[in-house]
Each structure stands twice: as structure tokens, then as C-alpha cells.
Amino acid sequence: MDINLRRKYPITVRVIFSLTIFSILYITLVRPVRVYINQNLIAPFYLSLDEAENSRVTMTARRINIQPDGYDSPRGFGIPFGGYFWLPFALFIATRQKWATIGLTSYHLIMGIVPPYLGYLFIKQYAWAGTGLKVNETLFQGVFLISVFWGIKAILDQWKKEKNI
Amino acid sequence: MMGFLVKAGFFYIAWQLIYDLIIFPDGRLDQILAVSVAALAKIGLSAFGWQINVLDRLLVIDGYRGVEVLNGCNALTLMALYSGFIISFQGPGQKRIVYLLGGIGIIFFLNVIRIMAFSLATVYFQPHWDTFHEFSSFIFFYPIILGIWYQWTLTCEENTQSPSGLSLA
């Protein structure tokens with residue numbers, strides 16, 4: 001008996017199914033939780049630091065921005081497990097890429113620790129932490145693009161295999 | 001695969017450090033990119049009959065809000081992200097240069113079109129301008145970048161006559 005149900009469905013169906021399920025999950029559950037955590041836990045902490053240091057801290061629904069004295073633009077960090085996680089995650093699940101899924105999840109778990117700590121140091125006037133936050137932003141975008149590429153390539157490879165192209 | 005990721009990671013870290021410590025304080029590269037994109041966007045829109053004014057980085061269609069090409073909007077970071085992949089993924093040297101220069105040129109050209117679209121957005125859907133701006137990379141850049149990257153991996157596979165390390169499916 002074939003117990004591997006996902007193998008029965010073509011890759012196109014699995015991708016559409018995965019994207020739909022995770023989109024609904026994100027919109028209905030994850031996004032509100034991210035906003036709640038940012039507004040009620042993370043932002044109050046950084047705003048309280050703002051009062052003690054010469055740094056201006058502002059927030060959006062899912063992001064903290066820090067602008068110490070002497071900087072003409074803010075640097076900051078977003079709350080992890082946003083769309084930049086769920087899109088490639090959905091593609092990895094559809095293409096059954098276990099290690100890529102674990103790697104991406106681990107990366108976003110680390111993003112929940114390192115950038116907030118860099119933000120804390122940046123408020124405390126450690127200039128190198130500001131550079132660290134910028135490096136983090138670039139890496140974050142790079143990880144997203146490479147993950148999406150990796151997911152789409154796997155989909156194309158599996159689709160070609162199914163069609164014997 | 002791990003080798004590729006490590007190389008790409010180091011490239012992106014090195015790029016951001018160079019940008020933050022040298023290119024950004026110097027300002028000339030950001031300025032050249034922003035001003036040239038604004039000037040070309042003006043030429044593009046004028047060709048379609050729009051009355052548009054340009055002042056340094058600022059584009060204004062007569063009677064509507066202006067669009068300023070800030071450093072974050074000059075596509076330099078995306079050029080670096082694109083290049084990091086091409087450089088880190090093992091492939092033939094000469095074609096790598098073609099892909100690097102060609103890809104950077106395409107991203108620059110796409111950014112001109114994007115800035116033109118931002119200006120037109122002030123006319124047709126100003127209330128949604130911020131949303132359009134936020135997701136513009138997904139419309140103008142990402143599909144093309146991913147497409148060129150895919151073509152690059154195929155080129156590399158043809159040259160090595162073996163599947164690339166990215167095929168983990």
C-alpha cells in the first residue's frame with residue numbers, strides 16, 4: 001500500500017496546495033501573532049531603552065527602527081517568520097526538501113535572537129552593531145532570494161521529471 | 001551546496017561592509033546611479049508624452065506628487081545580491097563575466113522602468129503608492145533575477161556535464 005500520499009499528486013497540485021494552506025495560515029494566525037508580539041513585548045522593551053539612551057526608536061507593525069544621535073537614517077530589524085520565511089518554506093514543503101526546510105527554520109530562529117541583540121547594542125551606542133544590522137538586512141534578503149530560487153528550481157526539476165522533458 | 005552558501009554568505013557580508021564603510025560615506029556611486037535612473041526615467045516618460053520635470057534625484061509629473069530616488073531605491077543592493085549568486089556558483093569564467101555585466105545592466109534598466117512606474121502611480125493610484133512601492137521588487141526585479149540565475153545554473157550544468165549541487169529534490 002502506498003502510504004506516501006503526497007507522491008500521488010503532481011508537483012503543480014502540491015505547490016498550489018502548499019502555497020494556499022500556508023498563505024491562509026500566515027494571514028489568519030502568524031501575522032497577527034507577529035504584530036502582537038512586536039507591539040506588546042518587543043517594542044515596549046526597546047522604547048523603554050530609548051528613554052534612557054540618546055537613540056530614537058520607532059516601530060511599525062512588524063519592525064523596530066533605531067536611530068542614535070549622529071545617524072541620518074534608522075537601522076533596525078524585522079520580526080522573523082514573516083512572508084520572507086513562509087514563501088520559500090511553502091515551496092520546500094511542496095518539494096519535500098527536509099534539510100532546506102530545517103535550515104531555513106533554523107535561520108529564522110537565529111534571526112529572533114541576533115538582530116534584536118544587535119539592536120540593543122546599537123541603542124547603547126555601539127556603532128559596529130549598526131553595521132551588523134545592515135549586514136543582517138542584506139543577508140536576510142539574500143537568504144530569501146536564494147531560498148525561493150532553490151524552491152522554484154526543485155519544482156521545475158520535478159515537473160520536468162514528471163513530464164519526461 | 002554548503003560551499004556555495006558559505007561563499008555567497010561571505011560575499012554578501014563583505015559587500016555590505018565595503019558599502020557601509022567606503023561606498024556609502026563616499027556617496028558618489030549612489031548619487032550617479034540615482035541621478036542617471038531619474039534622468040532615464042524622465043526620457044522614458046517624455047517619450048510617452050508626459051510632462052515631467054527632474055531635479056537631481058527628484059521626478060515630478062506636472063500637478064502630481066514627486067518621486068525621489070533614494071539610496072535604497074537605486075538597486076545597488078540588488079545588483080550585489082544578484083552578483084553574489086553568479087560569483088559563488090561554480091561556472092565558466094568568461095560566461096560569468098557576461099552574466100555579471102548583463103545582469104547588472106538588466107537590473108539597472110528594470111529600475112528605470114520601476115521608477116517610471118512609481119511616477120505613473122502618483123497619477124493613477126496615489127492612495128496605494130506605498131503598497132506598490134513595498135512590493136515593487138516582486139514585480140520588477142525578483143522574477144527576472146531568479147530567471148537569470150536559473151539560466152546560469154543550466155549553463156554551469158552544461159559545462160560540467162553533471163547536475164548542479166542545487167538539485168536536491
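Keep in mind it's a predicted model, so treat the numbers as computed, not measured.

**Student:** Explanation requested: the interface of chain A and chain B in the structure shown.
**Tutor:** Much of the literature gives interface size as the accessible area that the parts lose upon coming together. Counting from both sides, the interface comprises 20 residues of chain A and, opposite them, 22 residues of chain B. Top element by residues in the side of chain A that touches chain B is helix α5 (residues 127-163) of chain A. It accounts for 17 residues. In terms of residue class, the side of chain A that touches chain B is built from ten nonpolar, seven polar and three charged.

**Student:** Help me understand the confidence of the model for chain B in this model?
**Tutor:** Note: predicted coordinates in regions of low pLDDT should not be interpreted at a detailed level. All names here are of chain B. Mean pLDDT for chain B: 91, with 95% of residues reaching 70 or above. At the level of individual helices and strands, chain B shows its lowest average pLDDT in helix α6 (residues 142-160), which scores 91, and its highest in helix α3 (residues 76-88), which scores 96. The complex prediction reports pTM at 0.89, with the ipTM value standing at 0.88.

**Student:** Is there a simple way to think about unusual backbone geometry in this case?
**Tutor:** What you tend to see is this: most non-glycine residues have negative phi, and most peptide bonds are trans. Positive phi is not limited to glycine here, since A:Gln125 has a value of about 75 degrees. Relative to the elements of secondary structure, A:Gln125 occurs in the loop between α4 (114-123) and α5. At B:Ala75, a position not held by glycine, the phi torsion is positive, near 70 degrees. Position of B:Ala75 relative to the elements: it lies in the loop between β3 (66-68) and α3. A tally of 26 C-beta atoms within 10 Å means that B:Ala75 is categorised as buried.

**Student:** Help me understand the sheet that holds strand β2 (residues 58-61) of chain B, please; the structure alone is not making it clear to me.
**Tutor:** Strand pairing in a sheet is mediated by backbone hydrogen bonds. Such pairs are either parallel or antiparallel. Residues and elements named next belong to chain B. Strand order in the open sheet formed by three strands is β1-β2-β3, with antiparallel pairing between adjacent strands. If you trace the sheet from one side to the other, it starts and ends with β1 (52-55) and β3, each paired once. The average angle at which neighbouring strand axes cross in this sheet is 20 degrees, direction not considered. Pairing between β2 and β3: three bridges, direction antiparallel. The partner of valine 60 across the bridge, within β3, is glycine 66. Sheet contacts for helix α2 (residues 28-47): β1 and β2; angle to β1, the most-contacted strand, approximately 170 degrees.

What counts as what
Throughout this document, residue positions are counted from 1 along each chain, in the order its sequence is written. Both sets of labels track the order of writing: A upward for chains, 1 upward for ligands. Under the rules for a predicted model, residues below a pLDDT of 70 receive no local features and side-chain atom pairs below 80 are neither given nor counted, while totals for whole chains, interfaces and linings still include all residues. Note on contacts: each residue gets a C-beta atom placed from the backbone, and two residues are in contact if those atoms are within 7 Å. Under the DSSP-based scheme used, a helix requires at least four consecutive residues in state H or I and a strand at least two consecutive residues in state E, with every element numbered from the N terminus. Three classes are used, and their members are as follows: Ala, Val, Leu, Ile, Met, Phe, Trp, Tyr, Cys and Pro are nonpolar, Asp, Glu, Lys and Arg are charged, and the others, Gly among them, are polar. Values of pLDDT, ranging from 0 to 100, describe the predictor's confidence in every residue of the model. Put simply, a residue is buried when 20 or more other C-beta atoms lie within 10 Å of its own C-beta and exposed when 12 or fewer do; between those, it is partly exposed, and each C-beta is set from the backbone. By the convention used here, strands pair only if DSSP detects at least 2 bridges between them. To get an axis, fit a line to the C-alpha atoms, keeping to the stretch in contact for a helix; angles then go from 0 to 180 degrees between the N-to-C directions.

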